[in-house]
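# Per-entry structural report
Letter by letter, the chains look like this.
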Amino acid sequence: MAKKITLDASGIYYRQFNEQIREAVAAGATDIVLTNVNSQRYLVGAIEGDLNFEIQGVPGQDMCSFMRGPKVRVKANAQDGVGNTMDDGTVIIEGLAGDVVGYAMRGGKIFIKGDVGYRVGIHMKAYMEKLPTIVIGGKAGDFLGEYMAGGIILLLGMFSDKPSEPIAGRSLGTGMHGGVIYVRGEVPKEQIGPGLTAQPLDESDKLVVQGIVKEYAKELGLDAKAILASDFVKIKPFSHRPYGNLYVPA
Amino acid sequence: MLFQPINRNYHDFSIVRDKDACINCKVCIRQCAYDAHYWDESRQKVMHDNAKCVGCHRCEALCPTSALLIQKKKSEFKDNALWKPEFIKYIYKQADTGGVLLTGMGSPVGNIPVYWDKLLLDASQVTNPSIDPLREPMELKTFLGAKPVKLEFGKSKDGTPKLKTKLSPNIELNYPLMFSAMSFGSINFNLHVAMARAATELGICYNTGEGGLHKTLYQYGKNTIVQVASGRFGVHRDFLNAGAGIEIKVGQGAKPGIGGHLPGEKINEMVSVTRMVPLGSDAISPAPHHDIYSIEDLHQLIFALKEASEYRVPVSVKIAAVHNVAAIASGIVRAGADIVAIDGMRGGTGAAPGMIRDNVGIPIELALAQVDQRLRDEGIRNRASIVAAGGIRCSADVVKAIALGADACYFATAALLAVGCTLCGKCYTGKCPWGIATNDAKLAKRQNPDIAAKKMVNLVHAWGHEIEEMLGGMGLNSIESLRGNRDKLRAVGLSDTEMDILGVKHAGR
Ligand code: SF4
Ligand code: SF4
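### A closer look at the site of ligand 1
The local shell around ligand 1 holds 13 residues, among which B:Cys32, B:Cys53, B:Cys56, B:His57 and B:Cys59 are the closest. In terms of residue class, the shell around ligand 1 is made up of nine nonpolar, three polar and one charged.

### Here's the deal with the pairing of strand β9 (residues 178-184) of chain A
Residue and element names in this part refer to chain A. Of all seven residues in β9, six are buried, a share of seventy percent or more. Bridge analysis of strand β8 (residues 149-155) against β9 gives five bridges, and the strand direction is parallel. Bridging from a neighbouring strand, Leu-155 pairs with Val-183 of β9. Pairing of β9 with strand β11 (residues 232-235), which is carried by four bridges, proceeds in the antiparallel orientation. Bridge pairing in β11 links Val-183 to Val-233.

### Comments concerning the site of ligand 2
Close to ligand 2 lie B:Cys421, B:Thr422, B:Leu423, B:Cys424, B:Gly425, B:Lys426, B:Cys427, B:Cys432, B:Trp434 and B:Ile436. Its residues assigned to classes, the shell around ligand 2 shows seven nonpolar, two polar and one charged.

### What to know about the pattern of salt bridges
Residues and elements named next belong to chain B. According to the stated counting rule, one finds 40 salt bridges over all chains in the structure shown. The salt bridge involving Arg-357 is made with Asp-358; its shortest N-O contact spans 2.9 Å. In this pair, the class of Arg-357 matches that of Asp-358, namely buried. Where salt bridges share partners, they join Asp-372, Arg-376, Arg-381, Asp-407, Glu-480, Arg-483 and Arg-486 into one cluster.

### What about unusual backbone geometry?
Positive phi, normally seen in glycine, also occurs at A:Cys64, with a value near 60 degrees. If you trace the backbone, A:Cys64 turns up in the loop between β3 (52-58) and β4 (68-74). Taking relative accessible area as the criterion, A:Cys64 reaches 0% and is therefore assigned buried. Backbone geometry at B:Met276 places phi at a positive 60 degrees, although glycine is not the residue there. With respect to the helices, strands and loops of the structure, B:Met276 is situated in the loop between α7 (269-275) and β16 (283-285). For B:Met276, a relative accessible area of 11% gives the class buried.

### Details of the sheet that holds strand β1 (residues 4-8) of chain A
Residue and element names in this part refer to chain A. A sheet is described by the order of its strands in space; here 11 strands give the open sequence β1-β2-β3-β4-β5-β6-β7-β8-β9-β11-β10, paired in mixed fashion. In this open sheet, the two edge strands, each paired with only one partner strand, are β1 and β10 (198-200). The mean angle between the axes of side-by-side strands here comes to 20 degrees, regardless of whether they run parallel or antiparallel. Strand direction decides the pairing type here: strand β5 (residues 88-93) and strand β6 (residues 109-112), joined by four bridges, are parallel.

### Examining the confidence of the model for chain B
For chain B, the average pLDDT comes to 94, and 98% of its residues sit at 70 or higher. Interface predicted TM-score (ipTM) for the complex: 0.94; the corresponding pTM is 0.94.

### With respect to helix α5 (residues 189-202) of chain B
All names here are of chain B. The first and last C-alpha atoms of α5 sit 20 Å apart over 14 residues, in line with the 20 Å expected at 1.5 Å per residue. Turning to α5, the residues buried within the fold contact β11 (177-179), β12 (205-207), α7, α14 (441-444) and α15 (449-473). Gly-203 occupies a position one or two residues after α5 and carries a positive phi of about 75 degrees.

### Some words on the sheet that holds β11(B)
Residues and elements named next belong to chain B. Ordered by their spatial adjacency, eight strands build a closed barrel running β11-β12-β13-β14-β17-β18-β20-β21, and the pairing between neighbours is parallel. Here the average twist between neighbouring strands, direction ignored, is 25 degrees. Pairing of strand β18 (residues 339-343) with strand β20 (residues 385-389) involves five bridges; the strand directions are parallel. By the bridge assignment for β20, Ile-339 is matched with Ser-385. Where α5 meets the sheet, its contacts fall on β11 and β12, and the angle it forms with β12 comes to roughly 155 degrees.

### Comments concerning helix α9 (residues 325-334) of chain B
Residues and elements named next belong to chain B. In terms of burial, α9 is largely enclosed, as seven of its 10 residues are buried. All of the buried residues in α9 are Val-325, Ala-326, Ala-329, Ser-330, Gly-331, Ile-332 and Val-333. If you follow the buried residues of α9, they end up packed against α8 (295-308), β17 (315-320), β18 and α11 (364-377). Once α9 ends, the next one or two residues include Gly-336, with phi positive near 110 degrees.

### Section: the packing of aromatic side chains
Considering all chains together, one arrives at nine aromatic pairs over all chains under this definition. When the ring of B:Phe411 is compared with that of B:Trp463, the centres are 5.1 Å apart and the planes differ by 45 degrees; the resulting orientation is tilted. Within this pair, whereas B:Phe411 is found in strand β21 (residues 408-411), its partner B:Trp463 is found in helix α15, the two being separated by 52 residues in sequence. Among the residues examined, B:Phe411 registers a relative accessible area of 2% and is labelled buried. Three or more aromatic residues joined by ring pairs make a cluster, and in this case those are A:Tyr13, A:Tyr14 and A:Tyr42. Its guanidinium or amino end placed over the ring of B:Phe233, A:Lys125 lies 5.4 Å from that ring's centre, counting from NZ or CZ. One residue, B:Arg58, lies across the ring of B:Trp434, its end atom 4.8 Å from the ring centre.

### Notes on the side chain of B:Lys488
Structurally, the position occupied by B:Lys488 is in the loop between α15 and β22 (489-491). Beyond its immediate sequence surroundings of up to four residues, B:Lys488 is in contact with B:Leu120, B:Leu121, B:Asp122, B:Met474, B:Leu476 and B:Leu482.

### Some details on the interface of chain A and chain B
Contacts between the two partners involve 40 residues from chain A and, on the opposite side, 50 residues from chain B. The contact between chain A and chain B buries some 4,000 Å² in all, and 56% of this surface belongs to carbon and sulfur atoms. Counting the surface chain A buries against chain B, the share from its top three residues, A:Phe66, A:Tyr127 and A:Ala250, is 18%. At the boundary of chain A and chain B, one finds four salt bridges. As a salt-bridge pair, B:Asp238 and A:Arg68 come within 2.9 Å of each other at their nearest N and O atoms.

Reading the values: the criteria
Residues numbered from 1 in each chain as written. Chains lettered and ligands numbered in written order. Predicted model: local features only at pLDDT ≥ 70, side-chain atom pairs only at ≥ 80, totals over all residues. Heavy atoms only, no water. Near = heavy atom within 4 Å. Nonpolar A, V, L, I, M, F, W, Y, C, P; charged D, E, K, R; others polar. Buried < 20%, exposed > 50% of the residue type's maximum accessible area, 1.4 Å probe, protein only. Helix = DSSP H or I, 4+ residues; strand = E, 2+ residues; numbered from the N terminus. Pairing = 2+ DSSP bridges. Salt bridge = Lys/Arg side-chain N within 4 Å of Asp/Glu carboxyl O. Axes fitted to C-alpha atoms, helices over the stretch in contact; angles between N-to-C directions. pLDDT = per-residue confidence, 0-100. Expected span 1.5 Å × (residues − 1). Contact = heavy atoms within 4.5 Å. Phe/Tyr/Trp six-rings, centres within 6.5 Å; stacked < 30°, edge-to-face > 60°. Lys NZ or Arg CZ within 6 Å of the ring centre and 35° of its normal. Buried area = accessible area lost by both parts, 1.4 Å probe.

Take a look at the structure:
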């Protein structure tokens, strides 16, 4: 049985507000609406379980860090650090998000309608059944997918407020040693990190992209067909051991 | 031009086999992880290849007839004050391969002073008599974490006084000592079990290092500090809630400014499960945490971790000792850390580029003295404990560190020496013949967790007794009275600048 509760964040410091959230979860709440959120940090941080959150207002830094399981919908923009070291669950952001989304994320999904800032998806990693996925509807800043060790980043470049910017900033995928970055359309060559190239998708890639796009479009009320009505490219690491030959025993 | 690789000509060690004593039992062949010994079919006897020896002394220790002697190769280059042999060999190796020089544990650069050896301790004579620890109580108990500025008391219903001040969480240690971070992966599981058991028996803590925590070790959580590094390997909510403290690793003394890199060869099944990374692929920790580019960002991560652990445990931040360490430490304390761990340049490592290991950072003694002073001057010393790491060799080093301002010391190399490490410095090969820095099942079996734990416990007991004796000698009956008590230290042969930085007088003054 779903148990619904609404918590009002007006004028409450994050520490007390997060305590209220944890208490609500401990008391069995499963559908939690957070209203009047105004940059309170660490919302839904390290919370575990099959829970639903709706966030009204703009959540603060490190939302859903270390989170394991919940589904979180943000009705507005989000700030930096969304899904830091996230383990599992789904985050849907109906606006844009700031820097460092999904840092070292290990599982779950982050769907962002609009643009994201710098350093998104750095050091994402997959493990066993865990396959972290980030979809960005808009454009991304520099260093997208740096050091990526696993998982999927899908960059659409469609719902952007930055018409004159390239779809991804500099150093896309630098140091990547696992995972894959899919980009709708083309990425300018000079934006891609050293040693990497954008390649066409094969059949299995296409299936993966279609699956993710369908889910993404459904969650955000978008038209999957329109999103898929373009070619995509993929950027994959050239080696799983990028530093394998760097050293000599002293 | 030489026709064979240079390291075959200018290797470091010679294996000397006493022909009369050798019984061709082949123990050395089985013990050497580098295949330096081999069975020669045609000659029907054990032979060896000097060029392969790394000087670990394993074969020498296990040879049943003591027929083996491992010694430095006698062949020497012509004396040269500038071109010491290691520099000559470095160039040969790099010219052959184009590679970055990789090193392991050790600190071969000789001309950076070891300040521990230039500091002397005090003892009481006539006045303030010395105390015999065998006869009188001696307090080594140490609490790590933020301390309140003042205590407020109220009255409970029955009229007895009651503490009103809310205390911050602290880690309680029976000795001012902890096993420093060595990740599971860089050393094997047997040693993690040993450290966990030893720490539990001793009532101290060990640090998981950055490789996560194996499920079977959660039971030792009360004596565990869990570490979060830039790679975030094995970091999740259960891990963060498993220990008595959480440590953010920003830097390591042996390789400041460099990330970690566990080569795929060392990632076996168990390491893979614990780190949550695929089997056999490299586990790379970027040099910085890419979510920390400023003190404000550090504050953000510290509190993300405090939120994740519901403020139940102190958060430590570990940095390498570098030039502006005092200002950095001040920022760390202001960012909300409860413990600042400072790792000096002589700290151990499983793998570090040699140039970084030997040239980057500063000795712990100088860093420690400056950090303690700075936090005092700023009136924030109570907000965080200081843990000194990087080159603690004996109990006197611990006592000196505490007199310079440390609350406790981390030690790791000494713990490995306790279980047989001979500092061969080849940890990065993953073939440690002593079964320490290896995940090869055949080699790892050489460490029995029970015996290893016992040795670690013995070492800390021994150091504990010695610390008590040194304290007693100074007329102190609690380690608390020694903290930052630099009057108990005197320097020999240091310059005015060095003494000023250390905050100590010269011997004789
Ligand atoms: S590497 Fe170790 S075991 Fe092998 S020959 Fe040298 S000292 Fe003996
Ligand atoms: S841990 Fe092993 S490889 Fe490393 S220095 Fe000690 S004996 Fe050598």
